[in-house]
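Each chain is listed here by its residues.
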Amino acid sequence: MPVVLKSAREVELMRVAGQIAATVLDELEQAARPGVTTAGLDELACARIRELGGRPAFLGYRGYPACICTSVNEVVLHGIPGKRVLREGDLLSLDLGVEYRGVFVDAAVSLIVGRGNELAQRLVAAVEGAFRAGLEMAVPGRRLGDIGAAIEAYARLQGFSVIEGYAGHGIGLALHEEPTVPNTGPAGRGMRLRPGMTVSIEPMLSAGRPETVVASDGWTVSMRDGSLSAHYEHTVWISPDGPVILTAR
Ligand code: MF3
Ligand code: CO
């Protein structure tokens, strides 16, 4: 499948979708307090996305049963909301997709419920930092590998590993489009970035080994060694002048 370059009108629609995603993620962050269940956060997300005129893009995607992913501690991706009660110090990753008038955006944030330990705080900061490092490379003329290499170098410098087997992706007219946007190098390799590309940049880091396992529910991705993990993601437009975050608050 070829890469779809987006028109100015499509980018504007994605910006509106991005504002819905940002608003709801912000509200979820406020709501993620000790004692709250992950299903409670999902209910809030479904309701607010719809109130703001969007459709929860994850719900029903390949049979996914919820509006958001709630991944706690050693769960790094695609945690299904449920009865789990959040506790002080949990590292929670919230991942959310919005469809709006035929366009899609995707964004995720990691946070600590209440107060966390130093490792959790460093990991949450590092995964956002790794995203920023990758974002700086999302410039026309650079290559996909430059984004991955920047993310990987930043993560290593902070003492964390980049999880294996998962990456960012093109997005816009579908939730997942070409190309794959790697979280590792080498730099200078891969497709050249062009104005009009819209991509999700989404580093996933672990405090331990990079290998993951998928649970028998077919979704929940956990660190094989049980280590703490985090995820951070925005939908980014590669404009002629450089990267623009469409899901910014
Ligand atoms: N941000 C996640 C990804 O790009 C979203 C998964 S969609 C879901 O892989 F429906 F499977 F959750
Ligand atoms: Co994504």
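Everything discussed here concerns the structure shown above.
Residues numbered from 1 in each chain as written. Chains lettered and ligands numbered in written order. Predicted model: local features only at pLDDT ≥ 70, side-chain atom pairs only at ≥ 80, totals over all residues. Heavy atoms only, no water.

## Regarding the sheet that holds strand 3 (residues 75–77)
Part 1: Ordered in space as 3-12-11, the 3 strands form an open sheet in which the pairing is antiparallel. The open sheet has two free edges, formed respectively by strand 3 and strand 11 (212–214), since each of these has just one partner strand. Here the average twist between neighbouring strands, direction ignored, is 40°.
Part 2: Two strands pair when backbone bridges link them, and strand 11 and strand 12 (residues 221–223) are joined in this way by 3 bridges, in the antiparallel orientation. In the sheet register, threonine 212 faces strand 12, and the bridge partner there is methionine 223. (Pairing = 2+ DSSP bridges. Helix = DSSP H or I, 4+ residues; strand = E, 2+ residues; numbered from the N terminus. Axes fitted to C-alpha atoms, helices over the stretch in contact; angles between N-to-C directions.)

## Description of the pairing of strand 8 (residues 177–181)
Part 1: Bridging between strand 7 (residues 168–170) and strand 8 involves 3 bridges; their strand directions are antiparallel. The residue of strand 8 that forms the bridge with glycine 168 is valine 181.
Part 2: Linking two consecutive strands that pair antiparallel, namely strand 7 and strand 8, is a turn of 6 residues; a positive phi of about 150° is found at glycine 172 within it.

## With respect to the state of the cysteines
Part 1: Taken as a whole and assessed by the stated rule, the structure comprises 1 disulfide.
Part 2: Left without a disulfide partner, cysteine 69 is nearest to the cysteine sulfur of cysteine 67, which lies 10 Å away.
Part 3: Note on cysteine 69: relative accessible area 3%, which makes it buried. (Disulfide = S-S within 2.5 Å. Buried < 20%, exposed > 50% of the residue type's maximum accessible area, 1.4 Å probe, protein only.)

## Topic: the coordination of the cobalt ion (ligand 2)
Part 1: The cobalt ion (ligand 2) binds to the protein through Asp106 (OD), His169 (NE2), Glu202 (OE) and Glu233 (OE), with metal-donor distances spanning 2.1 to 2.2 Å.
Part 2: With 6 donor atoms in place around the cobalt ion (ligand 2) and angles of 62 to 171° between them, the coordination shape is irregular.
Part 3: Spacing between the donor residues of the cobalt ion (ligand 2) along their common chain follows D-x62-H-x32-E-x30-E. Taken together, the residues span a long stretch of sequence, with aspartate 106 in strand 5 (residues 103–112) and glutamate 202 in the loop between strand 9 (198–201) and strand 10 (204–206) at a distance of 96 residues. (Donors = N, O, S within 2.8 Å, 3.2 Å for Na, K, Ca; no water. Tetrahedral: all angles 85-135°; square planar, octahedral: opposite > 155°, others 65-115°.)

## Concerning the pairing of strand 5
Part 1: Within strand 5, 10 of the 10 residues are buried, leaving the element largely enclosed by the surrounding structure.
Part 2: Taking every second residue as pointing to the same face, both faces of strand 5 are buried, with Val103, Val105, Ala107, Val109 and Leu111 on one and Phe104, Asp106, Ala108, Ser110 and Ile112 on the other.
Part 3: Summarising the sheet, strand 4 (residues 91–100) and strand 5 pair through 10 bridges and their orientation is antiparallel. What sits directly across from tyrosine 100, in strand 5, is valine 103.
Part 4: Following strand 4, the chain reverses through 2 residues before pairing antiparallel with strand 5; arginine 101 in that reversal takes a positive phi of roughly 45°.

## Side note on the nonpolar core
Nonpolar side chains tend toward joint burial in soluble globular proteins.
Part 1: Judged by nonpolar contacts, the single largest core of 58 residues is most densely connected at Leu28, Leu92, Leu94, Leu96, Ile201 and Leu205.
Part 2: Broken down by element, the residue count for this core peaks at 9 residues, all from helix 1 (residues 8–31).
Part 3: Discounting chain neighbours no more than four positions away, the residues touching leucine 94 are Leu25, Leu28, Glu29, Leu41, Ile68, Cys69, Thr70, Ala107, Ala108, Val109 and Leu111.
Part 4: Ranked by size, the runner-up nonpolar core spans 9 residues in total, among them Phe58, Ala66, Phe104 and Leu175. (Core = buried A, V, L, I, M, F, W, Y, C linked by side-chain atoms within 4.5 Å. Contact = heavy atoms within 4.5 Å.)

## A few points about the site of ligand 1
Part 1: Taken together, 13 residues surround ligand 1, and among them Asp95, Asp106, His169, His176 and Trp219 come closest.
Part 2: In this structure, histidine 78 approaches ligand 1 through a side-chain N or O atom, which is 3.2 Å from an oxygen atom.
Part 3: Aspartate 95 places a side-chain nitrogen or oxygen 2.7 Å from a nitrogen atom of ligand 1.
Part 4: The fraction of the free accessible surface of ligand 1 (330 Å²) that becomes covered by protein chains is 94%. (Near = heavy atom within 4 Å. Polar contact = N/O pair within 3.5 Å; in protein donor to acceptor, adjacent residues only side chain to side chain. Areas by Shrake-Rupley, 256 points an atom, 1.4 Å probe, with all protein chains shown as cover.)

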